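# Chain and residue survey
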Amino acid sequence: MFHHITVLKEEATEGLQIKEDGIYVDCTLGGAGHSGLIASKLSEAGRLICLDQDDWALDNAKQQLAEYGERIVLVKTNFRDLETVLGDLPFVPQKDGVPQVDGILFDLGVSSPQFDEGNRGFSYNHDAPLDMRMDQSAELTAATIINTWSEQEIARVLFQYGEEKFSRRIARKIVDRRAVQPVEGTGELAELIKEGIPAAARRTGGHPAKRSFQALRIAVNDELGAFEEGLHSAVRCLAPGGRVSVITFHSLEDRICKQIFAGYLSRCTCPPDLPYCVCGAEGTLKLVNRKPRVPSEAELEQNPRARSAKLRIAEKL
Ligand SMILES: C[S@@+](CC[C@H](N)C(=O)[O-])C[C@H]1O[C@@H](n2cnc3c(N)ncnc32)[C@H](O)[C@@H]1O
């Protein structure tokens, strides 16, 4: 059973202002929570294209969204290829060769089943092979990083993607261990990480392996690179008036979202009394909410994993 509690479900969906005959994209299908709500607002003429790179998510959605029939189109892909995927779908209109849709959603990170399922290797709570791939057919695994990348590269990953202060000490522990025998499981890796962090520092900030596991997952799946590419494509593929809703779960993702949106906002320098822009810097997007929305106390009580979630919404001009 695929069980994921959807974060900011109503808020992110309402933010898209669904038109019943519109074309929408859920770039991160997961447990199909957002997709189910979006699909329920569409008429026979509407379409929801659901993307995920994980076979489990797609298999689950085949049953979960079956009642919506032809309104749903499931595609196994990385959302960094959004524009190509939309360009290949005959029912998606194009303008100047660019596909145009009415709304796009990103709910980043991993789903609860990916995290909780022992053999995927995302969690330090279960001993499993060092995998961490969201796309089970991708080549790079956490084992490759841990057992073949240089000490400096491992330290960089832990520092850059996990903001781990003791990245160099942990990388040294890993490299010392693998000189004797390869590091094979998540349990062994969690133990090495713990040993690399001074005892006094282990008592703060949750499980000592939390930051390093996040960092490895981001590196294995090139999460930040994919998000940057996917969000730029999303802005291109929105029709005028279309909206993009983005839910992020840590500061690295949120910073990228904020900066990309900022790059598309108006830089208009026309005098405010002019009826329309003549300086040519009108911008491509406007922000729907200046500050990100966060889950309510009631939602957090139901789902503590939503604690770090932030929702940003922008509209294409
Ligand atoms: C947090 S879950 C989404 C949960 C979903 N909104 C729900 O309500 O059930 C994120 C999903 O996005 C997928 N994903 C993450 N990065 C992706 C990428 N670059 N391309 C395609 N799918 C991705 C993951 O495999 C996972 O299933």
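Below you will find a few notes about this structure. Predicted model only: the values in this text are computed from it and were never measured.

## Considering the site of the ligand
Near the ligand, the surroundings consist of 24 residues, among which Thr6, Gly31, His34, Asp52 and Asp107 are the closest. In this structure, Gly33 approaches the ligand through a main-chain N or O atom, which is 3.2 Å from an oxygen atom. Contact distances for the ligand include 3.0 Å between a nitrogen atom and a side-chain N or O atom of Asn78. When the residues that make up the shell around the ligand are grouped by side-chain class, the tally is eight nonpolar, 13 polar and three charged.

## Topic: the pattern of salt bridges
Enumeration according to the criterion identifies 21 salt bridges in this entry. Arg172 serves as the salt-bridge partner of Glu151, at 3.2 Å between the closest nitrogen and oxygen. Here the residue Glu151 occupies a position in helix α7 (residues 151-162), and Arg172 occupies one in helix α8 (residues 167-180), the gap between them amounting to 21 residues. For Asp176, the salt bridge is made with Arg172, and the minimal N-O distance between the two is 4.0 Å. Here Arg172 and Asp176 lie together in helix α8, a separation of four residues that amounts to about one turn. Relative accessible area serves as the criterion here: at 46%, Asp176 is assigned to the partly exposed category. You can call Arg172 partly exposed: its relative accessible area is 42%.

## Notes on unusual backbone geometry
Positive phi outside glycine occurs at Ala32, with the angle close to 65°. Tracing the backbone through its elements, the reader meets Ala32 in the loop between β1 (23-26) and α2 (33-40). Looking at Ala32, the relative accessible area reads 3%, which means it is buried. Phi at Glu163 takes a positive value of approximately 50°, unusual for a residue other than glycine. You can see Glu163 is positioned in the loop between α7 and α8.

## Overview of the packing of helix α9 (residues 186-196) against helix α11 (residues 210-220)
Running from N to C, α9 and α11 point in directions that differ by 125°, and their axes come no closer than 9 Å. By the criterion of interaxial angle, the relationship of α9 to α11 is oblique. Judged by the twist between their axes, the crossing of α9 over α11 is right-handed. Side by side, α9 and α11 meet where Thr186, Leu189, Ala190 and Ile193 of the first sit next to Ser212, Phe213 and Leu216 of the second. Partitioning the contact of α9 with α11 into residue classes produces five nonpolar, two polar and no charged.

The rules behind these values
- Residues numbered from 1 in each chain as written.
- Predicted model: local features only at pLDDT ≥ 70, side-chain atom pairs only at ≥ 80, totals over all residues.
- Heavy atoms only, no water.
- Near = heavy atom within 4 Å.
- Polar contact = N/O pair within 3.5 Å; in protein donor to acceptor, adjacent residues only side chain to side chain.
- Nonpolar A, V, L, I, M, F, W, Y, C, P; charged D, E, K, R; others polar.
- Salt bridge = Lys/Arg side-chain N within 4 Å of Asp/Glu carboxyl O.
- Helix = DSSP H or I, 4+ residues; strand = E, 2+ residues; numbered from the N terminus.
- Buried < 20%, exposed > 50% of the residue type's maximum accessible area, 1.4 Å probe, protein only.
- Axes fitted to C-alpha atoms, helices over the stretch in contact; angles between N-to-C directions.
- Parallel < 35°, antiparallel > 145°, perpendicular 65-115°, else oblique.
- Left-handed = near helix turned anticlockwise from the far one by under 90°.
- Contact = heavy atoms within 4.5 Å.

Purely geometric numbers; function is a separate question.
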